[in-house]
Amino acid sequence: MAKLSLFCGFILLAFLFTNTKGDCEADKVGIYELKRGNFSLKFTNFGAIMLSAVLPDKNGKLADVVLGFDSVKDYKNDTTYFGAIVGRVANRISEAQFTLNGTRYQLVNNEGDNMLHGGRRGFSEVLWRVKGYRKDSHITFTFDSLDGEQGFPGDLAVSVTYMLIETNKLGVKMEAKALNMATPVNLALHTYWNLAGHNSGDIFSHKLQLFGSNITPVDDHLIPTGEITTVKGTPYDFLEPREIGSKFKELADGYDINYVLDNSDSGHLKKVAVVSESESGRKMELWTNQPGVQFYTSNMLGKLKGKEGFVYSNYAGICLETQGFPNSVNQPNFPSQIVNPGEIYKHIMLYRFTAE
């Protein structure tokens, strides 16, 4: 009953906060804080980015558990997508092209011949309008994506709302309405988490339980082959909690794969993952209404100067990007990402943070 109450309360809040008062100029970059008690988060309208998340540990000590930069200016030159909303289509599209209703669309490639996270100027690279902001409850960002941007068809009205729920929950609601043409939509929140603190080193000792019994395997360019295979007997099996680094030696270079979530065809909120870190006692639980989640262990950070001058190395954070399956526009056996005129794409995430 507690879980049901949690989900119902979130859904109610998600729809209450669709259009609330307040409208800021879209040509000004700002930083906005949401705060309740000792739980606080900061965002910017550039890329609708989550800049920070400050949480107490089991002893009440506060730490920022989100990787990022000190200045919004640094995000403008960022290739990691730290904390950003990515789209119009997150993840990869093979050969940066697809066919829809008999028309082939050539997109803007930005990872070899492929498109990654919406192209060279995806949603992570634009200014969003702030439409509705209350420090103790929520902030809504909106963006109007025009026909032809990065090669995608049709005008698209997009919004993302970040919501504080009680004193330890964060709700994220992403919506997109196709205005005049059918178009693919697959938004994702690309936050890098380290529950010990953003400046604490690698995430190998974090424990993960991930409720996905299957993955969509990929080729050498990280494009799904179209298969759906079981995780059982592989290093991708996190059905029971275990340390993220426990089977790293069996991988070529960390985790970067889409999981097919169990009960993914229900359309309702389902539990995605539980992440915990023993020294701090922090735990993060995640729910979504999407069919998949990209589990990524920040394999390509190199030596990147981040907040407070700390240098992030590979494996400094984990991403759990709930999403539709990568390259779905070219894989007819994957769940469709096509949104027709008048339809509304809805993507919900719910985080719950505790420490014990």
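Higher on the page you've got the structure.
Only a predicted model underlies this, so the values are computations on that prediction, with no experimental measurement involved. (Residues numbered from 1 in each chain as written. Predicted model: local features only at pLDDT ≥ 70, side-chain atom pairs only at ≥ 80, totals over all residues. Heavy atoms only, no water.)

Participant: Just checking my understanding: could you explain the nonpolar core for this structure?
Facilitator: One recurring pattern in soluble globular proteins: nonpolar side chains tend to sit buried together. Formed by 63 residues in total, the largest nonpolar core has its most connected members in W128, F141, Y162, W193, L210, F295 and Y351. Counting residues in each nonpolar core, the second largest holds 20 residues, with V72, Y75, Y81 and F82 among its members. (Core = buried A, V, L, I, M, F, W, Y, C linked by side-chain atoms within 4.5 Å. Buried < 20%, exposed > 50% of the residue type's maximum accessible area, 1.4 Å probe, protein only.)

Participant: Hey, could you run me through the pairing of strand β28 (residues 344-355) in this one?
Facilitator: Regular strands show a simple pattern: their side chains alternate between the two faces of the sheet. For strand β13 (residues 169-178) and β28, the ladder comprises nine bridges, and the chain directions are antiparallel. In the sheet register, K173 faces β28, and the bridge partner there is I348. The pairing of strand β22 (residues 282-288) with β28 spans seven bridges and is classified as antiparallel. Note on β28: the bridge partner recorded for L286 is Y351. (Pairing = 2+ DSSP bridges. Helix = DSSP H or I, 4+ residues; strand = E, 2+ residues; numbered from the N terminus.)

Participant: In this structure, what is going on with the pattern of salt bridges? I would like to understand it.
Facilitator: Side-chain pairs of opposite charge can arise where the charged atoms are in close proximity. With the rule as written, the count across this model stands at seven salt bridges. The salt bridge involving K307 is made with D64; its shortest N-O contact spans 2.5 Å. On the criterion of sequence distance, the pair formed by K307 in the loop between β24 (304-305) and β25 (311-312) and D64 in strand β4 (residues 62-64) is long-range, its members being 243 residues apart. A residue is classified by how much of its surface remains accessible, and K307, at 5% relative accessible area, is buried. Residue classification places D64 among the buried residues on the basis of a relative accessible area of 16%. Put simply, K169 and E166 hold a salt bridge, and the shortest N to O gap is 2.3 Å. The exposure class assigned to K169 is buried, which follows from its relative accessible area of 6%. Its relative accessible area of 46% is what places E166 among the partly exposed residues. Through salt bridges with shared partners, a single ionic network connects K271, E285 and R352. (Salt bridge = Lys/Arg side-chain N within 4 Å of Asp/Glu carboxyl O.)

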